[in-house]
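# Descriptive structure summary
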Amino acid sequence: KYNLIIFSASWCSPCHKLIPLLKNIHNELSQKLNLIYISLDEQSTIKQWEKLIKTENINWRCLSAFNNLEFVKNRFLAYSIPKSWIVSPDGKMQIIDLRDSKEVENLYSLVK
């Protein structure tokens, strides 16, 4: 399967605006694509992240990076969010901007 890794945070309003799109992607491509949400919240805001996940009824995999926040930000170039990576079944990774409709179209073409 392909994997779509999305870096987000409870305080990031541009990230929140992607939630409806992510729900559509999850509903339409989940047979061939795993979604993984990674929170870049610090320990002081992780409760807000957990509340967001419940409030938005997000049912794909959600992880928190607060124990290794700087490592994760550096490793995945997630200095500004939202930041997303598509990982192919053979392990190749590339950044994808889900705010760009052309890149979303490419995602659908790639995965289908």
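Overview of the structure.

Calculation criteria
Residues numbered from 1 in each chain as written. Predicted model: local features only at pLDDT ≥ 70, side-chain atom pairs only at ≥ 80, totals over all residues. Heavy atoms only, no water. Buried < 20%, exposed > 50% of the residue type's maximum accessible area, 1.4 Å probe, protein only. Helix = DSSP H or I, 4+ residues; strand = E, 2+ residues; numbered from the N terminus. Pairing = 2+ DSSP bridges. Right-handed = clockwise from strand over helix to strand, strands pointing away. Salt bridge = Lys/Arg side-chain N within 4 Å of Asp/Glu carboxyl O.

### Considerations on the pairing of strand β2 (residues 33-39)
- Among the 7 residues in β2, 6 count as buried, and that is most of the element.
- Across 7 bridges, the pairing between strand β1 (residues 2-8) and β2 is parallel. Bridge assignment links Y2 to a residue of β2, and that residue is L33.
- In the sheet, β2 pairs with strand β3 (residues 61-64) via 4 bridges, with the strands oriented parallel. Residue I38 lies in a different strand from β3, and its bridge partner there is L63.
- On the question of chirality, the crossover connecting β2 to the parallel β3 by way of helix α3 (residues 46-55) is right-handed.

### Thoughts on the pattern of salt bridges
- Counted by the stated rule, this structure contains 4 salt bridges.
- Residue E56 is joined to K23 by a salt bridge in which the shortest nitrogen-to-oxygen separation is 3.8 Å. Residue E56 is found in the loop between α3 and β3, and its partner K23 is found in helix α2 (residues 19-29); the two are separated by 33 residues along the sequence.
- Exposure remark for E56: the relative accessible area of 29% places this residue in the partly exposed category.
- You can call K23 partly exposed: its relative accessible area is 27%.
- Among the ionic pairs, E50 bridges to K47, the shortest N-O distance being 3.8 Å. Separated by 3 residues within a single helix, E50 and K47 lie in helix α3, roughly one turn from each other.
- Its relative accessible area of 37% is what places E50 among the partly exposed residues.

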